Amino acid sequence: MPDEKSFHMTPEEFRCYGHAVVDWIADYHSRIESFPVLSQVKPGQIRVSLPKVAPEKGERFDAILNDMDKLILPGITHWQSPNFFAYFPCNASGPAILGDLLSSGLGVQGMLWSTSPACTELETHVLDWLVPMLGLPDKFLSSSTGGGVIQDTASSSSLCALLAARERATNYTSNQTGSDGRIVAYASTQTHSSLEKAAMVAGIGVSNLRLIEVDGNFAMRPEALAKQIEADKRAGLLPCFVCATMGTTSSNAMDPIAEIARICRQHNLWLHVDAAMSGTAALCPEFRHLQNGVEFADSYCFNPHKWMFTNFDCDCFWVADRKALIKTLSILPEYLRNQATETGAVIDYRDWHIPLGRRFRSLKLWFVIRHYGIEGLQHHVREHVRLAQQFGDWVRKDERFELAASAPLNLVCFRHKAGDEANQKIMDRLNRSGDLFLTHTKLNGKLTLRLCVGQTNTQERHVVNAWRRICEEAGKLSH
Ligand SMILES: Cc1ncc(COP(=O)(O)O)c(C=O)c1O
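Residues numbered from 1 in each chain as written. Predicted model: local features only at pLDDT ≥ 70, side-chain atom pairs only at ≥ 80, totals over all residues.

Trainee: Which parts of the structure should I look at to understand the environment of Asn 311?
Mentor: Tracing the backbone shows Asn 311 in the loop between helix H11 (304-307) and strand E7 (315-319). C-alpha of Asn 311 to C-alpha of Gly 99: the two residues are 212 residues apart in sequence and 9.6 Å apart in space. Residue contacts for Asn 311: discarding those within four places in its chain leaves Asn 91, Ala 92, Ala 96, Ile 97, Asp 100, His 305 and Lys 364. (Helix = DSSP H or I, 4+ residues; strand = E, 2+ residues; numbered from the N terminus. Contact = placed C-beta atoms within 7 Å.)

Printed below as a string of structure tokens:
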């Protein structure tokens, strides 16, 4: 019998090319500082270098890998560069990359406990580990009334929280009947735009998402929240949900969770805490005061894929009452029925988020936590905060610049006093130079530069160099 024809990669080829890929990644990381941080290509430049149609014949693997350097790298903005200070970070690390590779290698789809018990149980276990690691309330533990699940992003977590809140407030009828336009949700003017999207998707409507005003530190004003809820109730509406943010995207403002929680309890509203980036800081007990009141939250999320050295995507989401979430998102068609589910003794994570299918994402998180240990994670978080605070001091002491917001952790918002045009110029020149990458926001109507210290490998010398380059560009302003 002749061998069956196959185009597949053989296990031996896989081993050989796999080593080459790991070498490529290791080399990339060791030479990452030689690339301009922000990709310098023009729109469409990457596509014109690619063949118009797909290859008829399979190609050699080394040719494909060579094209990573030639065709792909020019179009990469180097998020893993230690000179990346833009947005919020999106970190990777050795253990996370390897954990993710193993997840790909296993290739399991963990929609049900029975489709890979380890995929479900490791996830539950690691999310239970994280509860005391972050000083979160025991009610989030799987052994209590709640539990945690890994979602792709904080946007998905907020959407799930809002859906569960909507269902709870309508006695679980709105999934059947749709929203009648009376359901209202609350966030602040500084809340991440994903809440607006969640209001659209959840059928609540953006006009029924009240954006509560903020104080001088860009944090939600609880008395304004209380007033708005009361007005909405008087108008016959049905308030159901508040999102408080620990560390807003624009300026890292900290909403007063405890006061917001008191109002939520008074009106029986679902409180969701979005700690997408800053939640990682709670690994260190000295920063936990920023999440005071989280013990009253109905749900909470943070992204290890931002600041906890775990590559994208990985958002951890906990609820205090898992029944409310499961009742909101559970559908059981005949083809997914199985004995383990019927016993009620297992978790089927497909009921805890929007998609059915799911990757084995807890592997990379498990690898990260075991590799660093709590001690290692705390060390790097503390170091990032120290470096950002040092940068803030340099800004404060330089009379050309001012701080635009308080800097509680690792984000510094600052600006040159010469105004918007000057700040825009400084930022554009820095980013064009490729030496570092930072981004901006608007605070009180003024263009403000943001420098976030959180990339896995950022050290003191990178922050020192960033400040030196900023000063250099400020010095050229009149030119
Ligand atoms: C506070 C906050 N919430 C939500 C998000 C959205 O994150 P994701 O991309 O995980 O949806 C961000 C992103 O920066 C954020 O800063």
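Trainee: Just checking my understanding: could you explain the domain arrangement of the protein chain for this structure?
Mentor: In many reports, interface size means the accessible area that the parts give up when they come together. Each domain of the protein chain was delimited in the assignment, giving domain 1 (11-30 + 39-76), domain 2 (108-359) and domain 3 (373-475). Spacing between the C-alpha centres of domain 2 and domain 3 amounts to 30 Å. Taken together, the contact between domain 2 and domain 3 spans 18 residues of the former and 16 residues of the latter. For the side of domain 2 that touches domain 3, the class distribution of residues is 11 nonpolar, 7 polar and no charged. (Domains from an automatic or database assignment. Nonpolar A, V, L, I, M, F, W, Y, C, P; charged D, E, K, R; others polar.)

Trainee: I keep staring at the packing of helix H4 (residues 94-106) against helix H14 (residues 362-397) and nothing clicks. Help me out?
Mentor: For any two helices packed against each other, one specifies the crossing angle of their axes together with the interaxial distance. Following both chains from N to C, one finds H4 and H14 inclined at 145°, their axes separated by 7 Å at the closest point. Viewed along their axes, H4 and H14 form a crossing whose handedness is right-handed. Contact residues: Pro 95, Ala 96, Leu 98, Gly 99, Asp 100, Leu 102 and Ser 103 in H4; Leu 363, Lys 364, Trp 366, Phe 367, Val 368 and His 371 in H14. For the contact of H4 with H14, the residue count by class is 8 nonpolar, 3 polar and 2 charged. (Axes fitted to C-alpha atoms, helices over the stretch in contact; angles between N-to-C directions. Left-handed = near helix turned anticlockwise from the far one by under 90°.)

Trainee: Sorry if this is basic, but what is going on with the site of the ligand here?
Mentor: Surrounding the ligand, one finds 14 residues, the nearest of these being Thr 153, Ser 155, His 192, Thr 249 and Ala 276. Across the shell around the ligand, the residue classes break down as 4 nonpolar, 8 polar and 2 charged. (Near = placed C-beta within 6 Å.)

Trainee: Can you walk me through the packing of H14 against helix H16 (residues 460-475) in this structure?
Mentor: Viewed as axis vectors pointing N to C, H14 and H16 meet at an angle of 25°, and their least axial separation amounts to 10 Å. By the angle between their axes, H14 is roughly parallel relative to H16. The hand of the H14/H16 crossing is right-handed. Residues Leu 387, Gln 390, Phe 391 and Trp 394 of H14 lie in contact with H16, whose contacting residues are Glu 460, Val 463 and Trp 467. In the contact of H14 with H16, the residues fall into 5 nonpolar, 1 polar and 1 charged. (Parallel < 35°, antiparallel > 145°, perpendicular 65-115°, else oblique.)

Trainee: I tried to follow the sheet that holds strand E9 (residues 411-416) on my own but got confused; where do I start?
Mentor: Neighbouring strands of a sheet are bound in pairs by backbone hydrogen bonds; such pairs are parallel or else antiparallel. Strand order in the open sheet formed by 4 strands is E8-E9-E11-E10, with antiparallel pairing between adjacent strands. At either end of the open sheet lies a strand with only one pairing partner, and these are strand E8 (401-403) and strand E10 (439-443). For this sheet, the mean inter-axis angle between neighbouring strands, taken without regard to orientation, is 40°. Where E10 meets strand E11 (residues 446-452), 5 bridges bridge the pair, whose relative direction is antiparallel. By the bridge assignment for E11, Thr 439 is matched with Arg 450. Contacts between H14 and the sheet are confined to E8, E9 and E11, with E9 contributing the most and set at about 20° to the helix. (Pairing = 2+ DSSP bridges.)

Trainee: Where do I start with the sheet that holds strand E4 (residues 238-245) in this structure?
Mentor: On the basis of which strands lie adjacent, the open sheet formed by 7 strands has the order E1-E7-E6-E5-E4-E2-E3 and mixed pairing. The open sheet has two edge strands, strand E1 (147-151) and strand E3 (209-212), and neither has a second partner. Across the sheet, the axes of successive neighbouring strands diverge by a mean angle of 20°, strand direction being ignored. Against the sheet, helix H8 (residues 194-201) engages strand E2 (183-188), E3 and E4, with an angle of about 160° to E3.

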